[in-house]
Amino acid sequence: MSYHNGSIWPHDNALIAFGLAQYGLQNHVLKIMESIFNASLFIDLQRVPELYCGFDRREGMGPTAYPVACSPQAWAVGSVFMLLQSCLRIDINALTKTITFDPIVLPVYLDEIYITNLKLGDKTCSLIINRSQYDVDFKIIHKPDDWKIIIK
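For every chain, the first residue of its written sequence is number 1, and the numbers climb from 1 along that sequence. The predicted nature of this model means local features are confined to residues of pLDDT at least 70 and side-chain atom pairs, given and counted, to a pLDDT of 80 or more, with totals for whole chains, interfaces and linings taken over all residues. The side-chain figures draw on all heavy atoms in the structure; neither hydrogens nor water molecules are used.

**Section: the sheet that holds strand E4 (residues 123–131)**
So, step 1. When DSSP finds two or more bridges between two strands, those strands count as paired. Helix and strand labels come from DSSP, where a helix needs a run of H or I of at least four residues and a strand needs a run of E of at least two; each type is numbered from the N terminus. With respect to topology, three strands assemble into an open sheet ordered E3-E4-E5, the strand pairing being antiparallel. Of all the strands in the sheet, the pair left with one neighbour each is strand E3 (112–120) and strand E5 (136–142). Between one strand axis and the next, the sheet turns by 20° as a mean value, whatever way the strands run.
So, step 2. Of the strand pairs in this sheet, E3 and E4 are connected by seven bridges, and their pairing is antiparallel. Counterpart to lysine 119 in the pairing with E4 is threonine 124. Helix axes are fitted only over the stretch in contact, all axes being lines through C-alpha atoms; the angle between N-to-C directions runs from 0 to 180 degrees.

Laid out in structure tokens, this is it:
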């Protein structure tokens, strides 16, 4: 066990996934997201810890906890949102009042995402993203009239 030698840091992996998404490498983003999600299934209350040990994966068992890792830990919890942003490829531009999704991929275990009260200045937007047979579907619950949603 080592704090900096071979350990898995969810927030570092989320940053890597975000960078990969910028280059359209969505399959790699999904692999990272699914790995962290699968590890979280074995962690108490699915609280993503600060780090866990980087030992080989054992079938049917969770990651080896690092004994003094913080859980929950703020930047580890934040990694969940960065991973989701990497899958959605969402970009919010306040100057042009546009929300762009380019392109979206969803991990196999995630069929629906419901985004509520997404802050857009002093206004909000809510929408649902669903996996469909061949792609993803959007349902806009509400958005400000002066904002556009672009799906590429």
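From this point on, the discussion continues.
**Observations concerning the nonpolar core**
Side chains that are nonpolar tend, in soluble globular proteins, to be buried together.
So, step 1. Residues belong to one nonpolar core when they are buried, are Ala, Val, Leu, Ile, Met, Phe, Trp, Tyr or Cys, and are joined through side-chain atoms within 4.5 Å. Classification of residues uses two cut-offs on accessible area relative to the type maximum, computed with a 1.4 Å probe and protein chains only: under 20% is buried, over 50% is exposed, and between them is partly exposed. Membership of the largest hydrophobic core comes to 17 residues, with the highest contact counts inside it found for Leu88, Ile99, Phe101 and Ile129.
So, step 2. Examining the composition of this core, we find that four residues originate from one element, E3, more than from any other.
So, step 3. Throughout, a contact is declared for two residues whenever any of their heavy atoms are within 4.5 Å. Here leucine 88 is in contact with Phe101, Asp102, Pro103, Ile104, Leu106, Ile113, Ile115 and Ile129, once residues within four sequence places are set aside.
So, step 4. Formed by 14 residues, the second largest nonpolar core is a distinct cluster that contains Ala17, Ile32, Met33 and Cys87.

**Here we look at a nonpolar patch on the surface**
So, step 1. For patch building, the residue pool is restricted to those with more than 30% relative accessible area and no salt bridge; the joining distance is 9 Å between like charges and 5 Å between nonpolar side chains (Val, Leu, Ile, Met, Phe, Trp, Tyr). Each accessible area value is a Shrake-Rupley result obtained with a 1.4 Å probe; residue values ignore everything except the protein chains displayed when judging cover. We count a salt bridge whenever a side-chain nitrogen from Lys or Arg sits within 4 Å of a carboxyl oxygen from Asp or Glu. A surface patch of nonpolar side chains, amounting to about 270 Å² of accessible area, comprises Val77, Val80 and Phe81.
So, step 2. Given the relative accessible area of 57%, phenylalanine 81 is considered exposed.

**Brief notes about the pairing of strand E2 (residues 98–101)**
So, step 1. Judged by which residues are buried, E2 turns out to be covered on both faces: Thr98 and Thr100 on one side and Ile99 and Phe101 on the other are all buried.
So, step 2. In this structure, strand E1 (residues 90–93) lies alongside E2, joined through four bridges in antiparallel fashion. Its bridge partner lying in E2, asparagine 93 is registered against threonine 98.
So, step 3. Taking the residues between adjacent antiparallel strands as the criterion, E1 and E2 are bridged by four residues, where lysine 97 takes a positive phi near 55°.

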